[in-house]
Amino acid sequence: MPNIFTRRRLIAGGLGIGGAALLSACTPATGQPASPVAAPPTSTFGAPAFEATLRAGVTEVDLGGITATTWAYDGRIPGKEFRAKAGDVLKIRVENTLPVETSVHWHGVRLHNAADGVPGLTQDPIAAGADFTYEFVAPDPGTYFFHPHSGVQIDRGLHAPLIIDDPAEPGRYDHEWVLVLDDWTDGVGKSPDDILAAFQAQHGSVSKGMNMDGMSGMSGMGNSPLGDVGDIVYPHYLINGRIPAEPLTLTATPGQKARIRLINAAADTLFRVALGGHVMTITHTDGYPVQPTQTRALYLAQGERADVLVTLGDGVFPLVAAAEGKQGQGLILVRTGAGAKPAPTVRPAEFDSNPQLLAALMPLDSARMPVREPDQVEQVTLNGQMQPYAWGMNGVTFGNDTPIRTNAGARLRLTMVNETMMAHPMHIHGHTWSLPSNGGLRKDTVLVLPMQSITADLQADNPGKWAYHCHNIYHAEIGMMTSLQY
Ligand SMILES: [Cu+2]
């Protein structure tokens, strides 16, 4: 799909904003289904199997020879991984030493509503200097992560992996590597709040954005066969907190198998991922198992996760996460033998293959949601444009929206119609979708390509007020968010 629309973008390093446009539409959300209620996650449970304190604070981090003052968990990026078993109770005390309020959302976990970490929907924000304890059961194994649901704080260093192990899984691999992909500007370029303010300044004002400088920003952008997938050119792209000039190295021996858990914690960047010289077998996405699928490269949108298995060759191999539709990449090395360190700009030949879209995978039978006709069907339009910068759902912005309402026990079908020229990774809280077009593939974050539609079913088995939004954090903050309530 050639990108025929002229675009200008915001340069986080210090230039301007821009873009091409489309209109919005309006679809009301209604419905009145009913059927038996499945057991919801409970908010009362026994002693925690996993307990931790998480301190959100201002800190200086080393990105690999470049230092940045930023906000992070416990002074490091990404934050320390939390790990528990499926069914465990987790108890995490969050200490907020930031100068502003915060919150923690446990992305993808089907937990009880009060622990979901969305100020305004499920809790009051955690004030500066205050603390808050989250306690919940993590019922489903998988690769998850956590981050604030407050402003654009995720675009600083506030995110970390959450791995829920499956006690029944055989674990047929020698290494397990958790890789967090990120786009980085804080402390080295514009702050995320300044970027958001620049977008907001042109919101609803057609002429203003056009006058911002930064046409030369196109030099930071490339084309993607997916169309437009990001708005912002970042100074750096990171894997596990490092710039490609000073990458981390993972070590193993030839012939060993590695399970690689990929998490896209970026705010505005979709990554194309490959391990040079290797074929990857995708085994899971968003925590749930898929029919093992071999690929040489994959796309990972914001909020998405993919688990892949690789059998390692002999040498030094670059695992590259290229910023799709932009220039720049994150890099981590896999060393199993002798060899020179690849250049920071190394481009794996695997990128020239057709990268796998995760929403096009098929589920393992064990992961399928039982087939059932929907009790309620809702159409959700995704609307907006770059010029002026305005993003919404069902023709309105969050705050002016009508929540989607259903009833406990209902099977709800959402058809997301993307009326924009950008791809949007749409994320649902507290539930996992089943995609009928793909045999019931389970996902909590699904990439809806420009001018395309995707249908996603969910079982209303977890009552509460659940955020439903684009995981491009700038789109969400501008208004591409609503909620599901029952
Ligand atoms: Cu979006």
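As shown above, the structure is provided for reference.
Predicted model, so just to flag it, every value in this text is computed and none were measured.

(A) Fine view of the pattern of salt bridges. Under the criterion given, the structure shown has 26 salt bridges. The partner of Arg83 in a salt bridge is Glu176, with the nearest N and O atoms 2.6 Å apart. With a gap of 93 residues between them, Arg83 in strand β4 (residues 82-85) and Glu176 in strand β10 (residues 175-184) connect regions that are remote in the sequence. Residue Arg83 is classed as partly exposed on the basis of its relative accessible area of 29%. For Glu176, a relative accessible area of 27% gives the class partly exposed. The residue Asp140 makes a salt bridge to Arg110 at a minimum N-O spacing of 3.3 Å. Placement of the pair is Asp140 in the loop between β7 (131-137) and β8 (142-147) and Arg110 in the loop between β6 (105-107) and β7, with a sequence separation of 30 residues. Asp140 gets classed as buried once you look at its relative accessible area, which sits at 15%. The structure contains a network of salt bridges with shared partners spanning Glu81, Arg83, Asp165, Glu169, Glu176, Arg259, Arg261 and Asp307.

(B) Molecular detail of the layout of surface pockets. Empty space within the largest pocket amounts to approximately 510 Å³. In terms of residue count, the dominant contributor to the lining of the largest pocket is strand β14 (residues 257-264) (three residues). Residue classes in the lining of the largest pocket are distributed as nine nonpolar, six polar and ten charged. By volume, the second largest pocket is sized at about 250 Å³. Of the residues belonging to the lining of the second largest pocket, the class tally is four nonpolar, seven polar and four charged.

(C) Examining the coordination of the copper ion more closely. Taken together, His424 (ND1), Cys470 (SG) and His475 (ND1) make up the full set of protein donors to the copper ion, lying 2.0 to 2.1 Å away. Counting the intervening residues between successive donors of the copper ion yields the motif H-x45-C-x4-H. Taken together, the residues His424 in strand β26 (residues 424-428) and Cys470 in strand β31 (residues 465-470) connect sequence positions 46 residues apart. The class for Cys470 is buried, based on a relative accessible area of 0%.

(D) Quick look at the sheet that holds strand β3 (residues 67-73). Reading across the sheet, the four strands line up as β3-β2-β5-β7 and stay open at both edges, with mixed pairing between neighbours. Bordering the open sheet on either side are β3 and β7, each of which pairs with just one other strand. Recorded for the sheet is a direction-independent mean angle of 25 degrees between the axes of neighbouring strands. Summarising the sheet, strand β2 (residues 50-62) and β3 pair through seven bridges and their orientation is antiparallel. Directly across from Val61, in β3, lies its bridge partner Ala68.

The rules behind these values
Residues numbered from 1 in each chain as written. Predicted model: local features only at pLDDT ≥ 70, side-chain atom pairs only at ≥ 80, totals over all residues. Heavy atoms only, no water. Salt bridge = Lys/Arg side-chain N within 4 Å of Asp/Glu carboxyl O. Helix = DSSP H or I, 4+ residues; strand = E, 2+ residues; numbered from the N terminus. Buried < 20%, exposed > 50% of the residue type's maximum accessible area, 1.4 Å probe, protein only. 1 Å grid on protein atoms, 1.4 Å probe; cavity = no way out; pocket = protein on both sides within 12 Å on 5 of 7 lines; lining within 4 Å. Points joined across faces, edges and corners; volume = space filled by probe spheres on them. Nonpolar A, V, L, I, M, F, W, Y, C, P; charged D, E, K, R; others polar. Donors = N, O, S within 2.8 Å, 3.2 Å for Na, K, Ca; no water. Pairing = 2+ DSSP bridges. Axes fitted to C-alpha atoms, helices over the stretch in contact; angles between N-to-C directions.

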